[in-house]
Amino acid sequence: MIERINFWEIPEIWHYFAYVVLPLCGLVMLGRFYGRIRLWWQVGRPERRWDKPLVRLWRLIKFGIVQVKVLSKTYPGLVHVAIAWGFFVFFFGTALATIDADFIKFLRGPIYLIFKLMLDTLTIAALAGIILAAYRRFIQKPSRLTLDRGFTLSLTLVFVIVFTGLLTESLRLAAIAQEPTLQPGWSAALAWWTPAGWVTAQLWLALKLTPAVINSIHLWIWVTHATLVGVLFIALPTTTLVHMFTALMNVFFSKLDRPVGQLAPIAENEKKEPVYVSTLRDLTWKQLLDGDTCTECGRCQEACPAYAAGTSLNPKQLILSIRDALHRDGPTLAKGNGKSLPLVGETIKDGVLWSCTTCGACVRECPVLIEHVDAIVDMRRHLVIEGRVDDILQGALANLGRYGNSFGQSERMRARWTQPIQPKIKDARREPVEYLWFVGDYASYSATLSDVTQKTADVFQKASLDFGILYDGERNAGNDVRRVGEEGLFEMLAEKNMAALDKCTYKTIVTTDPHSYNTLKNEYPANNGHAVLHYSELLDQMITSGKLKFTKKLSYKVTYHDPCYLGRYNGVYDAPRRVIEATGCTLIEMPRCRDKAFCCGAGGGRIWMEEAEVKERPSETRIHEAIKLDGVQAFVVACPKDVTMYRDAVKTTGNEERIVVKDLIELVHEALG
Amino acid sequence: MNIVVPVKLVPDLVEELTIDASGAALDTMWLRLIINEFDDHATEQAILLKERSGGQVTIITPNAEGVDDMLFAASARGADRLIKLVGDFENGVNNHALARTLATTIKDLQPDLVLTGVQAHNDLDGSLGPLLAEYLGMPYTGYVSGVIVNGDKAIVRKEFPGGLIAELELKLPAVLGIQAAEQPPRYVAISKVRQAMKTATLEEMDAPGLNPDGGPTIGRMFQPEAAEKAEMISGNADVVADRLIGIFKELGVL
Ligand code: SF4
Ligand code: SF4
């Protein structure tokens, strides 16, 4: 029976290379890797990321081994997986070979052949992957990739290693084909279990090289292969390939303690003082690990509305600046001497942080689960505490603190939009209601939105919904206040709203505002088991249950914009789509829809800030995306701020004749007849 | 350097103002008070001076609803001492009475500099600064938008209409009416204010006998009354012109 031959035709002296030198290289690798990563905990703050090991292990498999996020982009995904799996299999194969050689002999017969086939297949896959990666890197050159020498070097090194591996195998097969006694049990038929090796071997055979010549080429190629593996080991911790380790660690330690829609409160140090992130030392070890993990793939950059608009924010660059700062200042900081240089304001400018809409596209796209938004908000908290906010934002925050709304109007005006509504909307503070409608600032105060808000009330009334509002007891829910980094104000607003809500008897909260929805659902402490629904979900339920019956069939061709805080943050994609379809409209999707939806640019408090110099506003980009769709008449939104943002964008792009912005409720209202 | 900033709360114009039954005062029922914007600038200027050249900033204010929050916010911004004057302020006092009572307290504080807002929208009897200067026997300059302290002198920047700017030198102690701080009042995060609520102390001081002499007595207070109704003329140019000529004739000007 055919079996694996250890160190086939390799002189004994070289065995020491494999058994002594390579393990030493491995040790050097570990040492150098340790030298790099110790900075995480020597510089960064502690943070608990060890709980729930099984869930973490599952994430490791899903995102680190199977690489589902990497695969979400087909070409680069497949290319990456081919190479990465090559690595995994070669690693695994070497381990098996070692067991076979030094412990229990089991690589014989069919097992041996399958083993060979596996290695050979992955050799082809990896080589193909590397060639396609090179094509992408040197010919296609997508702008989101970092195209520097480090990556070229890694790619070349890996290519040569895999290729010399293939050559070694093929030379061995060529020699055996001439002298089958070199591997008992060998036959040309079995050679097809190593197809790539066997095909390449034909080349050597065609050259009619003598077994002696083949043997010596085989030896030197083997030596080259093994030496390069050693070089790879030693170099790895400081090459771009280090992400093999850091990425696995990063997905393992990714956050589990809260949903994406929930920010962590401000951390405290041992003295129970709040930690505002302004230097490297204030970041947690996990945030430093994020920096060391970034593969520079640029997927976050490509998805980022702030980057697309031409602001100074590039999420990839932001993460890399953390990494670079760590390797610049970390070693001195770790020694305990050396002051912590300002990270925020110096390495990362204020404007960069303020440009973020917290749309979450970067987090969603990142294949290695880097947590950009959390870091951005942490640093914004520092800016807020320092009073480094622009005038408009300052005005809005002051208004929110004083009046509970960003419009700077009295709370007594909050429910003014209800005046024409008959019968009067119930005051949920006075009588029990089934649905408590949390109206939100924009829907309440914005003059241009009162029509939409009134229509919402009308639809609810027509559906005989038992609902009420908080009238002047409502405050801004605080979602964006929190994302601006004004945590104290968020707490204050939340306390006031909680106090108002606590006095009411209701079953479910409903809101038209995805921002309020997100924070009420994910961040309000102990919602006392009250469900929180977005109106799209409620409408969907009412349509299904027959409570809402349409008398008119609309025939518009529409497209739908997923609000970030409804879609990406809370996964509500289908309810609004079902409602649109129930009204009879035909829904045509934009290229970027659902979790890939492009942000309108208003989130994260951006709506309260000075507008930066931009090439094109995100909302305008989005309108351009929509009008490219064939025959779309309406741009449907499910967020009050979106109505404002996109009506403006339609005007500023001069598309008033081509498309109208409609709130979901306007379609429903119309279909009710 | 010892800087004292007298601050007053004024009606917040976000709420609709209503006149009470007497017809001579605002109805306090719906009144919401807010820091006088110029006093806010005076506070900021005081803190800027302190940050630049050290010293102590004392905020002093007559008691009113919401005054504690204002004081804590000032403390969070960097004020060192917070003084609340308690007395018969309930029905509002004019600036003469306020200046007299402030002067008594401020004298004891022995300030080098008194910074006050140059005006307030409810000043009915002149602004506070000059009155205060008079009772304190100190020099006064108003409409100040920048201060540099140099030993026992202050150089102040003062803006005149038409874009003229003057730099004046004053001997300290002095009272300045601040029009604008050198930079807009900074944002104070709520958590800092909350922290100040826990750590800062409010000193209460009695405001002795309020004497409003010298100020006017209000006879009547009322909302602006609509003038006689205007007639809107619509139509094309010819129609409008005909109508205008008609009106001029009716009025006897043509
Ligand atoms: S959250 Fe959105 S705007 Fe902010 S960095 Fe990420 S992609 Fe850019
Ligand atoms: S942060 Fe993530 S998505 Fe962005 S470049 Fe780095 S690895 Fe890619």
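The structure presented is a predicted model; accordingly, all values stated were derived computationally and were not measured.

Counting its secondary structure elements, chain A contains 27 helices and 9 strands. Here the C-alpha coordinates of chain A stretch approximately 100 × 65 × 45 Å along the principal axes. The long-range share in chain A, meaning contacts at least 24 apart out of those at least 6 apart in sequence, stands at 81%. Taken as a whole, chain A presents about 28,200 Å² of accessible surface, with 62% of it coming from carbon and sulfur. Across chain A, 78 positive and 70 negative side-chain charges occur, with their mean positions spaced 2 Å apart.

With that settled, consider helix α13 (residues 315-334) of chain A. Residues and elements named next belong to chain A. In a regular helix each residue adds 1.5 Å, so 20 residues correspond to 28 Å; α13 covers 26 Å between its end C-alpha atoms and thus fits that length. Remark: the principal bend of α13, roughly 45°, maps to Arg-328, with a proline, Pro-331, within the next four residues. Near the N-terminus of α13, the side chain that reaches the backbone nitrogen of Lys-316, with its oxygen 3.0 Å away, is that of Asn-314. In the stretch just after α13, Gly-336 is the one whose phi turns positive, near 95°.

Here we take up the site of ligand 1. For ligand 1, the full set of nearby residues is Cys-304, Pro-305, Leu-313, Pro-315, Cys-356, Thr-357, Thr-358, Cys-359, Gly-360, Ala-361, Cys-362 and Val-373 of chain A. Taken together, the residues of the shell around ligand 1 break down into 9 nonpolar, 3 polar and no charged.

Glancing now at the sheet that holds strand β2 (residues 435-437) of chain A. Residue and element names in this part refer to chain A. The sheet built from 5 strands is open, its strands ordered β1-β3-β2-β4-β5 with parallel pairing. Sheet topology places β1 (426-427) and β5 (531-534) at the edges, where each strand pairs with a single neighbour. Both strand β4 (residues 508-511) and β5 contribute to a ladder of 4 bridges, which runs parallel. Of the residues in β5, the one forming a bridge with Thr-511 is His-534. Together, β2, β3 (467-469) and β4 form the strand contacts of helix α19 (residues 450-462), whose direction differs from that of β2 by roughly 170°.

This paragraph deals with the domain arrangement of chain A. Residues and elements named next belong to chain A. When the domains of chain A are assigned, the result is domain 1 (50-251), domain 2 (258-385) and domain 3 (393-672). For domain 2 versus domain 3, the separation of C-alpha centres amounts to 30 Å. Across the boundary between the two partners, domain 2 contributes 30 residues, which contact 29 residues of domain 3. Across the domain 2 to domain 3 interface the summed buried area is about 2,300 Å²; carbon plus sulfur atoms make up 57%. Taken together, domain 2 and domain 3 are joined by 3 salt bridges. Lys-596 is the salt-bridge partner of Glu-365, the closest N and O atoms lying 3.2 Å from each other.

With that out of the way, let us pick up the packing of helix α2 (residues 67-77) of chain B against helix α5 (residues 190-199) of chain B. Residues and elements named next belong to chain B. At a minimum axis separation of 8 Å, α2 and α5 run at an interaxial angle of 105°. Taken together, α2 and α5 sit at an angle that is classed as roughly perpendicular. Side by side, α2 and α5 meet where Asp-69, Phe-72, Ala-73, Ser-75 and Ala-76 of the first sit next to Lys-192, Val-193, Ala-196 and Met-197 of the second. Of the residues assigned to the contact of α2 with α5, the class counts are 6 nonpolar, 1 polar and 2 charged.

This model, assessed by the stated rule, comprises 65 salt bridges over all chains. Of the charged contacts, one joins Arg-4 of chain A and Asp-100 of chain A as a salt bridge, the two residues approaching to 3.6 Å between their closest N and O atoms. Highlighted residues: Arg-4 of chain A in the segment before α1 (12-43) and Asp-100 of chain A in helix α3 (residues 74-102), separated in sequence by 96 residues. With its nearest N and O atoms 3.0 Å apart, the salt bridge here joins Asp-12 of chain B to Arg-402 of chain A.

Residue and element names in this part refer to chain A. Structurally, Ser-355 can be placed in the loop between α14 (350-354) and α15 (361-365). Between the C-alpha atom of Ser-355 and that of Asn-314, which follows or precedes it by 41 residues, the distance is 9.4 Å. Beyond its immediate sequence surroundings of up to four residues, Ser-355 is in contact with Ala-306, Thr-311, Ser-312, Leu-313, Arg-380 and Arg-606.

The next subject is unusual backbone geometry. Trans peptide bonds make up most of the peptide bonds, and negative phi angles are found at most residues other than glycine. In the segment running from Gln-422 of chain A into Pro-423 of chain A, the intervening peptide bond is cis, with an omega of -15°. Along the chain, Pro-423 of chain A falls in the loop between α17 (391-403) and β1. The residue after Leu-172 of chain B, namely Pro-173 of chain B, is reached through a cis peptide bond having omega 0°. Within the secondary structure, Pro-173 of chain B sits in the loop between β9 (164-171) and β10 (174-178). The phi angle at Glu-9 of chain A is positive, at roughly 55°, despite the residue not being glycine. Summarising the element assignment, Glu-9 of chain A is placed in the segment before α1.

The environment of ligand 2 is made up of 13 residues, and the closest members are Cys-294, Cys-297, Gly-298, Cys-300 and Cys-366 of chain A. Here the shell around ligand 2 is composed, by residue class, of 7 nonpolar, 3 polar and 3 charged.

Once that is clear, we can look at the confidence of the model for chain B. The predicted model of chain B has a mean per-residue pLDDT of 92, with 100% of residues at 70 or higher. Reported confidences for the modelled complex are a pTM of 0.92 and an ipTM of 0.87.

On to the state of the cysteines, then. Residues and elements named next belong to chain A. The tally for this structure, following the rule as stated, stands at 0 disulfides over all chains. Residue Cys-599 stays outside any disulfide, its sulfur separated by 3.9 Å from that of Cys-564, the closest cysteine. For Cys-599, a relative accessible area of 3% gives the class buried.

Turning to the interface of chain A and chain B, a few remarks are in order. Frequently, the measure chosen for interface size is the accessible area removed from exposure when the parts meet. The partner chain B presents 16 residues to the 21 residues of chain A that form the contact. By the criterion of area lost to chain B, the three top residues of chain A are Ile-385, Arg-402 and Arg-412 of chain A, representing 34% of everything that side buries. Taken together, the connections running from chain A to chain B amount to 4 salt bridges. A salt bridge links Arg-412 of chain A to Glu-15 of chain B; its shortest N-O distance comes to 2.6 Å. On inspection of chain A and its partner chain B, the count reaches 12 residue pairs in polar contact (both at pLDDT 80 or more). A breakdown of the residues in the side of chain A that touches chain B according to their chemical character gives 9 nonpolar, 6 polar and 6 charged.

Here the focus is the pairing of strand β7 (residues 140-150) of chain B. Residue and element names in this part refer to chain B. One ladder, built from 3 bridges, connects β7 with β10; its direction is parallel. Bridge assignment links Thr-141 to a residue of β10, and that residue is Leu-176. Where β7 meets strand β8 (residues 153-160), 6 bridges bridge the pair, whose relative direction is antiparallel. Across the sheet, Val-149 pairs through a bridge with Ala-154, a residue of β8. Counted between consecutive antiparallel strands, the loop separating β7 from β8 contains 2 residues, among which Gly-151 sits at a positive phi close to 60°.

Here chain A shows a mean pLDDT of 94. Residues at 70 or above account for 99%. Element-level mean pLDDT values for chain A span from 88 in helix α6 (residues 188-191) of chain A up to 98 in helix α20 (residues 479-484) of chain A.

Time to look at the packing of aromatic side chains. Taken as a whole and judged by the stated rule, the model has 21 aromatic pairs over all chains. A centroid spacing of 6.0 Å and a plane angle of 55° characterise the contact between Tyr-34 of chain A and Trp-41 of chain A, whose relative ring orientation is tilted. In textbook terms, an aromatic cluster arises when at least three aromatic residues are bridged by ring pairs, as seen for Trp-50, Phe-252, Phe-253 and Trp-285 of chain A. Here the basic side chain of Arg-592 of chain A rests over the ring of Phe-598 of chain A, its NZ or CZ set 4.1 Å away from the ring centre. One Lys or Arg, Arg-220 of chain B, reaches over the ring of Phe-222 of chain B and ends 3.9 Å from the middle of that ring.

With 13 residues, α17 of chain A should cover 18 Å at 1.5 Å per step; its first-to-last C-alpha distance of 18 Å lies within 8% of that length. Along α17 of chain A, the residues that are buried comprise Leu-393, Gln-394, Ala-396, Leu-397, Leu-400 and Tyr-403 of chain A. Against α14, α18 (441-445), α20 and α21 (487-502) of chain A together with β3 (33-35) of chain B lie the buried residues of α17 of chain A. The N-cap of α17 of chain A, judged by a side-chain oxygen 2.9 Å from the amide nitrogen of Ile-392 of chain A a few residues on, is Asp-390 of chain A.

Analysis parameters
- Residues numbered from 1 in each chain as written.
- Chains lettered and ligands numbered in written order.
- Predicted model: local features only at pLDDT ≥ 70, side-chain atom pairs only at ≥ 80, totals over all residues.
- Heavy atoms only, no water.
- Helix = DSSP H or I, 4+ residues; strand = E, 2+ residues; numbered from the N terminus.
- Contact = heavy atoms within 4.5 Å.
- Areas by Shrake-Rupley, 256 points an atom, 1.4 Å probe, with all protein chains shown as cover.
- Lys, Arg positive; Asp, Glu negative; His and termini not counted.
- Charge placed at Lys NZ, Arg CZ, Asp CG, Glu CD.
- Expected span 1.5 Å × (residues − 1).
- Bend = angle between axes of the 7 residues up to and from the residue.
- Polar contact = N/O pair within 3.5 Å; in protein donor to acceptor, adjacent residues only side chain to side chain.
- Near = heavy atom within 4 Å.
- Nonpolar A, V, L, I, M, F, W, Y, C, P; charged D, E, K, R; others polar.
- Pairing = 2+ DSSP bridges.
- Axes fitted to C-alpha atoms, helices over the stretch in contact; angles between N-to-C directions.
- Domains from an automatic or database assignment.
- Buried area = accessible area lost by both parts, 1.4 Å probe.
- Salt bridge = Lys/Arg side-chain N within 4 Å of Asp/Glu carboxyl O.
- Parallel < 35°, antiparallel > 145°, perpendicular 65-115°, else oblique.
- pLDDT = per-residue confidence, 0-100.
- Disulfide = S-S within 2.5 Å.
- Buried < 20%, exposed > 50% of the residue type's maximum accessible area, 1.4 Å probe, protein only.
- Phe/Tyr/Trp six-rings, centres within 6.5 Å; stacked < 30°, edge-to-face > 60°.
- Lys NZ or Arg CZ within 6 Å of the ring centre and 35° of its normal.

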